[in-house]
Each structure stands twice: as C-alpha cells, then as structure tokens.
Amino acid sequence: VQLQASGGGLVQAGGSLRLSCTASGRTLSPYGMGWFRQAPGKEREFVAAVDWSGGRTSYLDSVKGRFTISRDDPKNTQYLQMNSLKPEDTAIYYCAADSFPWRQATPRLRDFASWGQGTLVTVSS
C-alpha cells in the first residue's frame, strides 16, 4: 500500500490542523492505522493509532484530549485532528499502516510496515 500524508503547515500555538493520509494500491480495511512524529534531533515517536474497525484508539499521553485519530474506509483515508497545538508538537508527522490485519490499535513502531512520506507541522509560540 502507498500512503500519502497531507495537511501540515505553520500554525500559532493554540491553533488546529487536520492531517490526512490517503492510501492507494490496497484498501485500508481491515488494517490498523497510526500516526508517528519525528522532531529534529529526536527519534520517531508514536502519536496515535486506531484499530482495524475504528472502534478503539490509543494516544501518546501528551496529546490525549487534544488530538483525535479517525478513519474513513470508503474514502481509504485516515485523519489526525490536532487541536490546542503547542510548540512542542512541531515535527514531521508520518502516517503508517499496520503489518497485519484485524489487530488492535498498536503504539509499536515495528508493527507498521507501510509509511507515508511525512508532512511538516510547525507550531509557533
């Protein structure tokens, strides 16, 4: 599957952005999906994941209550709605598809086999 992420940009602290990730070559269903991010000089870290059904989600503690992951399988797209953005959210955001179908939302980077190219989110203070 090929993943194309979009929606990044420059926003002031407290603002919002919605990232999208559209798949081609294969349907998203029934695979779990996730978002990861990598800030300059840091390792890639888990942000959010949704299971194959869309019914269960998992979040990095620091984004709980501010970010929402969702999926629209008929559109073969997943989303990350980011509200109340903070400067520390600045990073390149990557979407990813789970390696195996029917799995619960997983925060483990090694569970994801397909990755998008990344979209840059910059939050100014």
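Refer to the structure printed above.
This one's a predicted model, so the numbers in the text were calculated from it and none came from an experiment.

Quick word on the environment of Phe46
Here is step 1: Relative to the assigned elements, Phe46 resides in strand 5 (residues 45-50).
Here is step 2: Exposure remark for Phe46: the relative accessible area of 12% places this residue in the buried category.
Here is step 3: In this structure the C-alpha to C-alpha distance between Phe46 and Gly32, which are 14 residues apart in sequence, comes to 14 Å.
Here is step 4: Setting aside residues no more than four positions away along its own chain, Phe46 makes contact with Trp35, Phe36, Ser58, Tyr59, Leu60, Thr106 and Pro107.

Some details on the sheet that holds strand 7 (residues 67-72)
Here is step 1: In space, the four strands of this open sheet follow the order 1-3-8-7, with antiparallel pairing throughout. In the strand order of this sheet, the two ends are held by strand 1 (2-6) and strand 7, each with one partner. When the angles between neighbouring strand axes are averaged without regard to direction, this sheet yields 15°.
Here is step 2: Here five bridges tie strand 1 to strand 3 (residues 17-24), and the two strands are oriented antiparallel to one another.

A look at the nonpolar core
Here is step 1: Among the nonpolar cores identified, the biggest contains 27 residues, and Leu3, Trp35, Val47, Phe67, Leu80, Met82 and Tyr93 are the most heavily contacted of them.
Here is step 2: The set of elements that each furnish at least two residues to this core consists of strand 1, strand 3, strand 4 (31-38), strand 5, strand 7, strand 8 (77-82), strand 9 (91-101) and strand 11 (119-124).
Here is step 3: Among residues more than four places away in sequence, those in contact with Leu3 are Cys21, Thr22, Ala23, Leu28, Met33, Cys95, Ala96, Ala97, Ser114, Trp115, Gly116 and Gln117.
Here is step 4: By size, the runner-up hydrophobic cluster in this structure holds five residues, among which are Phe36, Phe46, Ala96 and Phe112.

Examining the packing of aromatic side chains
When we look at a pair of aromatic rings, we describe it by the centre distance and by the angle of the planes.
Here is step 1: Summed over the entire model, instances satisfying the criterion amount to five aromatic pairs.
Here is step 2: Taking the centre distance of 5.8 Å and the plane angle of 75° together, the rings of Phe36 and Phe46 count as edge-to-face. With a gap of 10 residues between them, Phe36 in strand 4 and Phe46 in strand 5 connect regions that are remote in the sequence. Just as Phe36 is buried, Phe46 falls in that class too.
Here is step 3: Among the aromatic residues, those joined into a cluster by ring pairs are Phe36, Phe46, Phe112 and Trp115.
Here is step 4: Taking NZ or CZ as reference, Arg44 lies 3.7 Å from the ring centre of Tyr94, over its face.
Here is step 5: Sitting over the face of the ring of Trp115, Arg44 holds its NZ or CZ atom 5.0 Å from the ring centroid.

Reading guide: rules and limits
- Residues numbered from 1 in each chain as written.
- Predicted model: local features only at pLDDT ≥ 70, side-chain atom pairs only at ≥ 80, totals over all residues.
- Heavy atoms only, no water.
- Helix = DSSP H or I, 4+ residues; strand = E, 2+ residues; numbered from the N terminus.
- Buried < 20%, exposed > 50% of the residue type's maximum accessible area, 1.4 Å probe, protein only.
- Contact = heavy atoms within 4.5 Å.
- Pairing = 2+ DSSP bridges.
- Axes fitted to C-alpha atoms, helices over the stretch in contact; angles between N-to-C directions.
- Core = buried A, V, L, I, M, F, W, Y, C linked by side-chain atoms within 4.5 Å.
- Phe/Tyr/Trp six-rings, centres within 6.5 Å; stacked < 30°, edge-to-face > 60°.
- Lys NZ or Arg CZ within 6 Å of the ring centre and 35° of its normal.

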